[in-house]
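If you want the building blocks of each chain, they are given just below.
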Amino acid sequence: DTEVTQTPKHLVMGMTNKKSLKCEQHMGHRAMYWYKQKAKKPPELMFVYSYEKLSINESVPSRFSPECPNSSLLNLHLHALQPEDSALYLCASSLTTGHANEKLFFGSGTQLSVL
Amino acid sequence: DAKTTQPNSMESNEEEPVHLPCNHSTISGTDYIHWYRQLPSQGPEYVIHGLTSNVNNRMASLAIAEDRKSSTLILHRATLRDAAVYYCILRDSMDSSYKLIFGSGTRLLVRP
């Protein structure tokens, strides 16, 4: 199984809503990532978890709250988002973050629209 | 971080080889060269990576210049399914974060 599964595939939310994005992998990977991708732009790194601990936060606003409850699961909790946060949110995993020749495996993403 | 430069777009005919260039003139000796691609409505997928020597796998070949200031991703026979954005990325093995930072990439159009 070389899949990273993201749910939901699509999400529409209002600016006062609270929602969560979910990401799951069963490859035994110990590093997990959140990326944000606006239309026609490259993915931008948001967070990196290594062995279930947050190791990188790329100065992401606090309305985005990541959580890694175990080595297979990664959540992104959303609260009080703005319309400009509408984007494709991508999850990825890798065996570890420990070597620059490691591959990342990406999910298909959650397309988020904030109204 | 060392940066990469890629053409914005390229076109190819189906069943012909495609050579996608990437310039990285400020590459350091510890930078790995990675290629990912992103098909429409999909997340990025790993294609190939290398350090100094040319590399082949089932998807593509990576040709690295002797001075490592440029590289070329080679798709031997393009198919319609290869239409995607191709990203050339440097990852520094001396950077303990090992971030994967995407540049703007090359959009490949494959004509039937």
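Our subject is the structure that appears above.
Residues numbered from 1 in each chain as written. Chains lettered and ligands numbered in written order. Predicted model: local features only at pLDDT ≥ 70, side-chain atom pairs only at ≥ 80, totals over all residues. Heavy atoms only, no water.

S.K.: It is not clear to me how the environment of Ala31 of chain A should be interpreted in this structure. Could you clarify?
M.R.: All names here are of chain A. Along the chain, the position of Ala31 falls in strand 4 (residues 31-37). Once the C-alpha coordinates of Ala31 and Tyr49 are considered, the two residues, 18 residues apart in sequence, prove to be 5.5 Å apart. Leave out the neighbours within four places in its chain, and Ala31 touches Tyr49, Ser50, Ala92, Ser93, Ser94, Leu95, Thr96 and Thr97. (Helix = DSSP H or I, 4+ residues; strand = E, 2+ residues; numbered from the N terminus. Contact = heavy atoms within 4.5 Å.)

S.K.: How should unusual backbone geometry be read in this particular structure?
M.R.: What is expected of a backbone is that most residues other than glycine have negative phi and most peptide bonds are trans. Residues and elements named next belong to chain A. The peptide bond linking Thr7 to Pro8 adopts the cis configuration, its omega dihedral lying at -10°. Structurally, Pro8 can be placed in the loop between strand 1 (4-7) and strand 2 (10-13). Its identity is not glycine, yet Lys40 carries a phi of approximately 65°, on the positive side. In this structure Lys40 comes out as exposed when scored by relative accessible area, which is 75%. Its identity as a non-glycine residue notwithstanding, Ala80 has a phi of 60°, on the positive side. In this fold, Ala80 is placed in the loop between strand 8 (73-79) and strand 9 (87-94). (Buried < 20%, exposed > 50% of the residue type's maximum accessible area, 1.4 Å probe, protein only.)

S.K.: Looking at this structure, I do not really get the sheet that holds strand 6 (residues 61-64) of chain B. What am I missing?
M.R.: Within a sheet, neighbouring strands are paired by backbone hydrogen bonds and run either parallel or antiparallel to one another. Residues and elements named next belong to chain B. In space, the four strands of this open sheet follow the order 2-7-6-5, with antiparallel pairing throughout. Two strands in the sheet have a free side with no partner beyond their single neighbour: strand 2 (18-23) and strand 5 (55-56). Note: strand 5 against strand 6, two bridges, orientation antiparallel. Within strand 6, the residue paired with Val55 across the bridge is Leu62. (Pairing = 2+ DSSP bridges.)

S.K.: Would you take a moment to explain the sheet that holds strand 8 of chain A for this structure?
M.R.: Residue and element names in this part refer to chain A. Taken together, the four strands give an open sheet; going across it, the order is 1-3-8-7, and neighbouring strands pair in antiparallel fashion. Two strands in the sheet have a free side with no partner beyond their single neighbour: strand 1 and strand 7 (64-70). Between one strand axis and the next, the sheet turns through 20° on average, direction left out of account. Two strands pair when backbone bridges link them, and strand 3 (residues 18-25) and strand 8 are joined in this way by seven bridges, in the antiparallel orientation. Its bridge partner lying in strand 8, Leu21 is registered against Leu76. (Axes fitted to C-alpha atoms, helices over the stretch in contact; angles between N-to-C directions.)

S.K.: Can you help me understand the pattern of salt bridges in this one?
M.R.: Two side chains with opposite charge may pair up if their charged atoms get near one another. What the rule picks out here adds up to nine salt bridges over all chains. Linking Glu24 of chain A and Lys22 of chain A is a salt bridge whose minimum nitrogen-to-oxygen distance equals 4.0 Å. With relative accessibility at 26%, the residue Glu24 of chain A sits in the partly exposed group. Looking at Lys22 of chain A, the relative accessible area reads 35%, which means it is partly exposed. A salt bridge links Glu15 of chain B to Arg77 of chain B, with the nearest nitrogen and oxygen atoms 3.3 Å apart. Of this pair, Glu15 of chain B sits in the loop between strand 1 (9-13) and strand 2 while Arg77 of chain B is found in the loop between strand 7 (70-75) and strand 8 (84-92), placing the two residues 62 residues apart along the sequence. Taken as a pair, Glu15 of chain B and Arg77 of chain B share a single burial class, namely exposed. (Salt bridge = Lys/Arg side-chain N within 4 Å of Asp/Glu carboxyl O.)

S.K.: I'm lost on the interface of chain A and chain B in this one. Help?
M.R.: How big an interface is tends to be stated in terms of accessible area lost as the parts join. Tallying the contact residues gives 23 residues for chain A and 23 residues for chain B. Around 1800 Å² of area is buried between chain A and chain B when both sides are counted, 58% of it from carbon and sulfur atoms. One can count one salt bridge joining chain A with chain B. Contributions of two or more residues to the side of chain A that touches chain B are made by strand 4 and strand 9 of chain A. It is strand 4 of chain A that contributes the most residues to the side of chain A that touches chain B, three residues altogether. Here the residues of the side of chain A that touches chain B are counted per class, giving 11 nonpolar, seven polar and five charged. (Buried area = accessible area lost by both parts, 1.4 Å probe. Nonpolar A, V, L, I, M, F, W, Y, C, P; charged D, E, K, R; others polar.)

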